[in-house]
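Now for the letters of each chain:
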Amino acid sequence: AADSRPHAVIMRLTPRQGAPPPEPIEFTREDAALALIGLFPIAAIAWAVLAQSKYVAALAQLGSLFEREESHGLATNQRASAAEKQKDKALHKARLAVKSADKAYYVLGVLNVAITAYIAGAAPRHYYLWHTPKALVLVAVRWYTFLQQGKHWLLADFCYWANLIGLLYLWRYRESALLFQVFFMVSNGPVAWSVLAFSQSLIFHSHAHMTSVFLHLSPLVVTWTLRWNATPGFTVCDPECGRNPLLLLADGTRYFYLPWILGYYLLVFIVLGDFLKRNAYQTLFDRVTTTGPSAKVLTALFRRFGVTGDLAQRAVYMLMHLIFGVVTMGLATIYWHSFVAHTAFLLTILTASIYNAAGYYFTVFSQRYEKGVDEQIKQAQLEPPKGC
């Protein structure tokens, strides 16, 4: 009886004669994409937090050294020499920490682009799951960052509203073909073309630049994946996709662009105009009229037509915004009807952001990076990090 129990166990684990072999476990491309969607953000956040904690700790140590030096002074040359060596060591450590954090962000940025391309190609029906958490996190981080800088009213601009209607479609109104078509027109019109208009750059080590590229490029990718890949639960065309281009353009204009323009002008320039000026809060109008090629164009228009009043200048700016939106959405009607044209446009915008980044890395970054590291360290000396 003692010998029969192990034998019984063996018999239970051995397939019966004539039984079909177990089916092999298949690991599809969609499984791989879902695994990346689930695991990469966790690993990325952990690595970023680790790199940032080392960076903050190094700057805190450096700041405390300068505070100690200012508060206690140095009694002897020997103590001064020892303190100077300690300070040099802390400076070196701080520089390494800054560079280490930038390296981590660079690696994460490159991996993000690679994984994004893989998911869009291998599992396009799941791309919205990759897009959504990044949209929420990056916009939240940008709002907090801009709030500290007095730039949070920049989030009232049209690209943030375009991302919002995209999220509303993805998670609340999936059955609305009209909402998707409006989202398509806006994302493939003014939002995507802003990459060219504002020279958005795929600078991997800069979360600010990566956020801007994401907000302007990822909605385009979302519409590409849904438009050309039937996705259960999402209504894209109702009843057919061969819609009149003029109707597509009219819907994008009347359901998004005109309401946004009127609401933005009334709220930001009229109702809150004095409040924003009094508190020196920046708007996109302030940015585009002071820097870049758009500033020269608008200044020339103001002079040519004698536009001098603040509200009048802002009205001209909004009119130019509307023209830009209508023209680019008109081009987006071509992408709606052609997979080849839509794919080519997506690759063109992506290439433009890479090209802009190449110019930055080879002309600006190489000259400014070392100086930028020293500026961060100097800032830490003046304002040592507080709290944990």
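Worth saying up front: this structure is predicted, and the values here are computed from it rather than measured.

To continue, consider the overall build of the protein. Looking only at helices and strands, the protein features 13 helices and zero strands. Helices (α) and strands (β) of the protein occur, in sequence order from the N terminus, as α-α-α-α-α-α-α-α-α-α-α-α-α. For the protein, restricting intrachain contacts to residue pairs at least 6 apart in sequence, the fraction spanning at least 24 positions comes to 80%. Total accessible area on the protein stands at roughly 22200 Å², and carbon and sulfur atoms take up 65% of it.

The subject of this paragraph is the pattern of salt bridges. Side-chain pairs of opposite charge can arise where the charged atoms are in close proximity. Per the stated rule, a full pass over the model turns up three salt bridges. A salt bridge links Arg243 to Asp251; its shortest N-O distance comes to 2.6 Å. For Arg243, a relative accessible area of 24% translates into the label partly exposed. The partner of Arg254 in a salt bridge is Asp251, with the nearest N and O atoms 3.0 Å apart.

Turning our attention to the packing of aromatic side chains. Tallying each qualifying case throughout the model produces 23 aromatic pairs. Plain terms: the ring middles of Tyr128 and Phe234 are 5.0 Å apart, the flat faces sit at 65° to each other, and that makes the pair edge-to-face. Here Tyr128 is found in helix H4 (residues 127-149), whereas its partner Phe234 is found in the loop between helix H7 (207-227) and helix H8 (245-271), with 106 residues between them in sequence. Residues Tyr128 and Phe234 agree in their burial class; the two are buried. Judged by centre distance (5.0 Å) and plane angle (35°), the ring pair of Trp260 and Tyr264 falls under tilted. With Trp260 and Tyr264 both in helix H8 and four residues apart, the pair spans about one turn of that helix. With relative accessibility at 7%, the residue Trp260 sits in the buried group.

Of all hydrophobic cores here, the largest spans 76 residues; its most connected members are Leu226, Phe256, Tyr264, Phe269, Tyr317 and Met318. When neighbours within four sequence positions are excluded, Phe256 is seen to be in contact with Phe158, Trp161, Ala162, Ile165, Val182, Val186 and Asp251.

Turning our eyes to something else, we now look at the confidence of the model for the protein. Mean pLDDT over the protein works out to 81, with 71% of the residues at or above the 70 mark. Considering only residues more than four positions removed or in separate chains, one finds that residues 6-13, a stretch of pLDDT under 50, has zero contacts. Low confidence marks residues 383-388, where pLDDT is under 50. Its contacts with residues over four positions away, or in another chain, come to five contacts.

The end-to-end C-alpha separation of helix H6 (residues 177-197) is 29 Å, in line with the 30 Å expected for 21 residues at 1.5 Å each. Most of H6 sits out of view: 16 of its 21 residues are buried. A positive backbone phi angle near 50° is found at Ser199, which sits one or two residues after H6.

Moving on: the side chain of His205. Structurally, His205 can be placed in the loop between H6 and H7. Engagement of the side chain of His205 in a polar contact is seen with the side chain of Tyr361, the distance being 3.3 Å.

This brings us to the side chain of Thr116. Here Thr116 is to be found in helix H3 (residues 77-122). The class for Thr116 is buried, based on a relative accessible area of 15%. A distance of 3.4 Å separates polar atoms of two side chains, one belonging to Thr116 and the other to Lys134. In this structure, Thr116 is in contact with Tyr127, Trp130 and Lys134, ignoring residues within four places of it in sequence.

Each value, and the rule that gives it
- Residues numbered from 1 in each chain as written.
- Predicted model: local features only at pLDDT ≥ 70, side-chain atom pairs only at ≥ 80, totals over all residues.
- Heavy atoms only, no water.
- Helix = DSSP H or I, 4+ residues; strand = E, 2+ residues; numbered from the N terminus.
- Contact = heavy atoms within 4.5 Å.
- Areas by Shrake-Rupley, 256 points an atom, 1.4 Å probe, with all protein chains shown as cover.
- Salt bridge = Lys/Arg side-chain N within 4 Å of Asp/Glu carboxyl O.
- Buried < 20%, exposed > 50% of the residue type's maximum accessible area, 1.4 Å probe, protein only.
- Phe/Tyr/Trp six-rings, centres within 6.5 Å; stacked < 30°, edge-to-face > 60°.
- Core = buried A, V, L, I, M, F, W, Y, C linked by side-chain atoms within 4.5 Å.
- pLDDT = per-residue confidence, 0-100.
- Expected span 1.5 Å × (residues − 1).
- Polar contact = N/O pair within 3.5 Å; in protein donor to acceptor, adjacent residues only side chain to side chain.

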